Each structure stands twice: as structure tokens, then as C-alpha cells.
Amino acid sequence: MKIAIDISPLNDNRVLSHRVRGTGFYLQNLKKALLANYPDNEYHFFNRGDVINSDVDLVHYPYFEPFFLTLPFSKNHKTIVTVHDLTPLVFPEHFPPGIKGNIKWQIQKLNLLRSDGILTDSESSKKDISKYTDVKPEKIDVAYLAAGEEFTRIKNKELRIKETKNKYNLPEKFVLYVGDATWNKNLPRLLNAVKGINIPLVMVGKTLTEKNYDKSNPWNQDLLETQKLIEKSPNILTLGYVPTNDLVALYNTASVFIMPSLYEGFGLPILEAMQSGCPVITTKVGSLPEVAGDA
């Protein structure tokens, strides 16, 4: 089978934010796993705007945004689309699309309806997709994500932990957060909680250290509030983006990992932490009960 896969987030500066976590890791690991486990297929990895050969059997668009145009207008092949989540549609009061966003959503929805199949990360997201797009549930398949193989318990980790603590000037014991700073991440409540009990919090995420962003945009209000709380809290350390190798070491070093989200389409850091032997605190909303299970 000849399969074409859109890898624009790995190469296109316009969607560069997806490279760092989330979609970027999904794409990198999908590409690696397909080549390793299904080598009999012929893969064509393309970027937005590239010409797709007419003899391709299937085209996969592995990322979807409701308020940005990520799907093509014309359909010349069988297509599947990965929709990780539709959180902005579930909570429109916190993610207002504006006039342009609403128009783009209608276009995106029509293009999604024309696809031959949809992949998503959880049963929770499947329900949202069916509800907000009118796609029949039987057209949507759930494929749970997995943490990368590099996330593991480090053997003889004393030296590695010491090196990591020295590199990032970490406290002896700390709570770890890894992720974005949108409303659903619930970060202001987390910061006030750790402040109230005087526990060190180490935060990983490129967005957390961003300075050049639209501070008037409603989508960025939690980021703005989070950064203000961080400035007032000497016990909170923000590392920004860290390489995967260091992230594995941080999971192995932390006393506990916390993901206090109000909603998630999946929640991959939970599995990364568990696989690295780090205890997890999370919530019972959205897809998170599916990801954490009874652990």
C-alpha cells in the first residue's frame, strides 16, 4: 500500500508550535513506528502544498485544528484524519473563535465530513467529535497513544539525578508539571495550591517562558496569569523547553508528577511519568480516567 502522510508540523514554521510537544511527538513516533513495524508499505512524507502522486492509496492528515485550515479543499484520494481533541469547542467561553475562526471551523468541519475515516486518542474525544461534527461514531476509531520507549526508569540513576539537579539547579524534592498553559490545564489553581503548602514546583513547557505573545487574546489569559503567579513565587522554577533526554531524567527525579487538567483529549505526560516510575496526581475528567485507569 502507498501511504502519504502530512508531516508539516515537523518542518513548517507556520505550525512550528506543534513540533515541541503533542502533535510533534505524535508525528515523530508515528513515522518511526510505521517504518519499523510496517516496512512493506511505501510511505510518502509530504508538507502542506506538496503535490501528492495520483497512485497513492491513502492520505493521512495526522493533525486537526478547528479554527485553522489544516485540511485540503480538494479530495483526490482516500483520506483519514487524526483529531486529537476538540477542547476549544467543548468550552467556547474560554476559547472564543471570533468571526474568522467560526468561518474556518465551518470549512474544517465540511472537509472533515468528506474524509473516509477519523482517528482519535480516546473514547472521550470520540464522543466530542461525533457531537460537534455530526460524524457517525462508526466512522471514528480510537487509537490510544503510547509514551516513547525512551521514557523509562533509569538504571543506577543516582549520578544522572545529581547531574540533572545541578544542570537545572533543582531542589532536593519537587513536584513536576509538563505541558502547556491554556485554560484547560488549570495552572493558576495548581500554583496557588503549591504556594499554600510551600512545596517546590518545577514546570516544563516552551509556552511557559514565552514573552512575545498577544496578551489581549482570550486564549492567552491563563498563560498571562500563570506567569504573574510564577514571578511572585520563589518556590516555582520554570525550565521552558527541555530535550527529551533531560525530560526522562526529570520524571525519574521528581517526587510526583501532576496534571490537574480540567479537560484533555488524552494526556500523554501521565504515561511518560508512569513509564519513568514517577507517581502521578491527575483528575477524573475528559479522557484522563481512560489514561490513568486504576493506577
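Structure shown above.
Residues numbered from 1 in each chain as written. Predicted model: local features only at pLDDT ≥ 70, side-chain atom pairs only at ≥ 80, totals over all residues. Heavy atoms only, no water.

Asks: Help me out: how do you make sense of the pairing of strand β4 (residues 79-82) in this one?
Replies: Consecutive side chains of a regular strand alternate in pointing toward one face of the sheet and then the other. Taken together, the three bridges between strand β3 (residues 58-61) and β4 define a ladder with parallel strand orientation. Along β4, the bridge assignment pairs H60 with I80. Sheet topology places β4 next to strand β5 (residues 117-120); three bridges connect them, and they run parallel. For T82, the partnering residue across the bridge sits in β5 and is L119. (Pairing = 2+ DSSP bridges. Helix = DSSP H or I, 4+ residues; strand = E, 2+ residues; numbered from the N terminus.)

Asks: Can you help me understand the pattern of salt bridges in this one?
Replies: Counted according to the given criterion, the structure contains six salt bridges. Between K167 and D246 there is a salt bridge whose closest N-O contact spans 2.5 Å. Placement of the pair is K167 in helix α7 (residues 158-168) and D246 in helix α10 (residues 244-253), with a sequence separation of 79 residues. A residue is classified by how much of its surface remains accessible, and K167, at 55% relative accessible area, is exposed. Salt-bridge contacts for K206 lead to E210; the nearest nitrogen and oxygen are separated by 2.7 Å. (Salt bridge = Lys/Arg side-chain N within 4 Å of Asp/Glu carboxyl O. Buried < 20%, exposed > 50% of the residue type's maximum accessible area, 1.4 Å probe, protein only.)

Asks: Help me understand the side chain of T164, please; the structure alone is not making it clear to me.
Replies: Tracing the backbone through its elements, the reader meets T164 in helix α7. Exposure remark for T164: the relative accessible area of 5% places this residue in the buried category. A distance of 2.8 Å separates a polar side-chain atom of T164 from the backbone oxygen of R160. When neighbours within four sequence positions are excluded, T164 is seen to be in contact with L170, A249, L250 and T253. (Polar contact = N/O pair within 3.5 Å; in protein donor to acceptor, adjacent residues only side chain to side chain. Contact = heavy atoms within 4.5 Å.)

Asks: Is there a simple way to explain the environment of I140 in this structure?
Replies: Structurally, I140 can be placed in strand β6 (residues 140-142). Taking the C-alpha atoms as reference points, I140 and T120, 20 residues apart in sequence, are found 7.2 Å from one another. What I140 contacts, discounting residues up to four positions off in sequence, is I118, T120, K126, I129, S130 and V135.

Asks: Would you mind showing me how to read helix α3 (residues 23-37) here?
Replies: One full turn of an α-helix is made of 3.6 residues, so residues set three or four places apart face in the same direction. With 15 residues, α3 extends 20 Å from end C-alpha to end C-alpha; this agrees with the ideal 21 Å at 1.5 Å per step. Of all the positions in α3, only T23, G24, F25, Y26, L27, L30 and L34 are classed as buried. (Expected span 1.5 Å × (residues − 1).)

Asks: Any chance you could explain the packing of α7 against α10 here in plain terms?
Replies: The N-to-C vectors of α7 and α10 enclose an angle of 110°; their axes lie 10 Å apart at closest approach. The angle between the axes of α7 and α10 places the two elements in the roughly perpendicular class. Between α7 and α10, the residues in contact are R160, I161, T164, K165, K167 and Y168 and N245, D246, A249, L250, N252 and T253, respectively. Residues belonging to the contact of α7 with α10 are distributed by class as follows: four nonpolar, four polar and four charged. (Axes fitted to C-alpha atoms, helices over the stretch in contact; angles between N-to-C directions. Parallel < 35°, antiparallel > 145°, perpendicular 65-115°, else oblique. Nonpolar A, V, L, I, M, F, W, Y, C, P; charged D, E, K, R; others polar.)

Asks: Help me understand the environment of L58 in this model?
Replies: Tracing the backbone through its elements, the reader meets L58 in strand β3. L58 sits in the buried class, given a relative accessible area of 18%. With 29 residues separating them along the chain, L58 and N29 place their C-alpha atoms 19 Å apart.

Asks: Looking at this structure, how should I read α7?
Replies: Among the residues of α7, those classed as buried are I161, T164, K165 and Y168. Viewed end-on, α7 has its buried residues packed into an arc of 95°, placing them on one side of the element. Seen from the open side of α7, the exposed residues pointing more than 90 degrees away from its buried face are L159, K162, N166 and K167. Looking at the packing, one finds that the buried side of α7 touches β9 (236-240) and α10. (Arc of directions from axis to C-beta.)

Such coordinate-based values are descriptive only and should not be taken to indicate function.
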